[in-house]
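Each chain, letter by letter, is given below.
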Amino acid sequence: DTGVSQDPRHKITKRGQNVTFRCDPISEHNRLYWYRQTLGQGPEFLTYFQNEAQLEKSRLLSDRFSAERPKGSFSTLEIQRTEQGDSAMYLCASSPGEYNEQFFGPGTRLTVL
Amino acid sequence: EDKVVQSPLSLVVHEGDTVTLNCSYEVTNFRSLLWYKQEKKAPTFLFMLTSSGIEKKSGRLSSILDKKELFSILNITATQTGDSAIYLCAVEGKSNAGKSTFGDGTTLTVKP
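Counting from 1, residues in each chain are numbered in the order their sequence is written. Naming scheme: in the order in which they are written, chains are lettered from A and ligands are numbered from 1. In view of the model being predicted, local features appear only for residues whose pLDDT reaches at least 70, and side-chain atom pairs are presented and counted only at 80 or more, with totals across whole chains, interfaces and linings using the full set of residues. No hydrogens and no water enter the side-chain calculation; it runs on all heavy atoms of the structure.

**Q** Just give me the short version of the state of the cysteines, but keep the residues and values in it.
**A** Disulfides are covalent bonds that connect the sulfur atoms of two cysteines. Residues and elements named next belong to chain A. Two cysteine sulfurs form what is called a disulfide whenever their separation falls within 2.5 Å. Across all of its chains, the model carries 2 disulfides over all chains by this definition. Paired by a disulfide, cysteine 23 and cysteine 92 hold their sulfur atoms 1.8 Å apart. Linking cysteine 23 and cysteine 92, the disulfide has an S-S dihedral of approximately -65° and is accordingly described as left-handed. A residue pair is termed long-range when its members are at least 10 positions apart, and cysteine 23 in strand β3 (residues 19-24) and cysteine 92 in strand β9 (residues 88-95) qualify at 69 residues. Neither residue differs from the other here; cysteine 23 and cysteine 92 are each classed as buried. Labels follow the DSSP assignment, with helices taken as runs of H or I lasting at least four residues and strands as runs of E lasting at least two, numbered in each case from the N terminus. Exposure is judged per residue with a 1.4 Å probe applied to protein chains only, and the accessible area is read against the type maximum: over 50% gives exposed, under 20% gives buried, and values in between give partly exposed.

**Q** Please provide a residue-by-residue account of the interface of chain B and chain A, values included.
**A** Contacts are assigned to residue pairs that have any heavy atoms within 4.5 Å of one another. The interface is formed by 20 residues belonging to chain B together with 21 residues belonging to chain A. Together chain B and chain A conceal approximately 1,600 Å² of surface at their shared face, both sides included; 54% is due to carbon and sulfur atoms. The term salt bridge refers to a side-chain nitrogen of Lys or Arg lying within 4 Å of a carboxyl oxygen of Asp or Glu. Note that B:Glu1 and A:Arg59 form a salt bridge whose closest N and O atoms lie 2.5 Å from each other. Counting of polar contacts relies on pairs of N or O atoms within 3.5 Å, with two restrictions inside protein: one atom must be capable of donating a hydrogen and the other of accepting it, and residues adjacent in sequence are counted only when both atoms are side-chain atoms. Viewed at the interface, chain A and chain B are joined by 6 residue pairs in polar contact (both at pLDDT 80 or more). Mapped by element, the contributors of at least two residues to the side of chain B that touches chain A are β4 (30-38), β5 (43-49) and β9 (85-93) of chain B. The term buried area means the drop in 1.4 Å probe accessible area that two parts suffer when joined, counted for both and summed.

Below is the structure:
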């Protein structure tokens, strides 16, 4: 399967713990995006990368969230000191360039108890 | 701040019906509008629209954009139960190319 993959698919954690998610984009896609989606709402932009450069980070994103794409391939999203409000589906997407449709991964569903 | 409003929020139809889903938007320096279909997983791409009045078509699905009135519609003819999904509309501006702002979607249920 050469689509976008995400790991883990599900994560249950206790409030205050740190979690890290991984996204592997379609190879040769230089753009990578992270979104958060809660029930009944559309995906909410978090951040995106052009190769290894993080070009924008949502103002809604607190300092507890950080993302990296160290070699311009896979990316990680870390949430520190998780809160119940962080419970959501975290979606990763990639695209071959600036003006292309995005290809989404299956998402990581986070539940914070 | 870019904004996308979709209507209706939900829709229930029977197989064979035709449906029209609406998307209105506000975006700085419009670049494109995209439609995605989301079943019990991640969104999958349907259409990208950049020019007014030019219909995009794929099988029973079609979409058109009106840049003057700032809206788009997605039509599905002869609906099937497999069309049941959430349909998401997103916009991109030239100033933040690649960053999509999504609406909350229209949930379509097609009954046999």
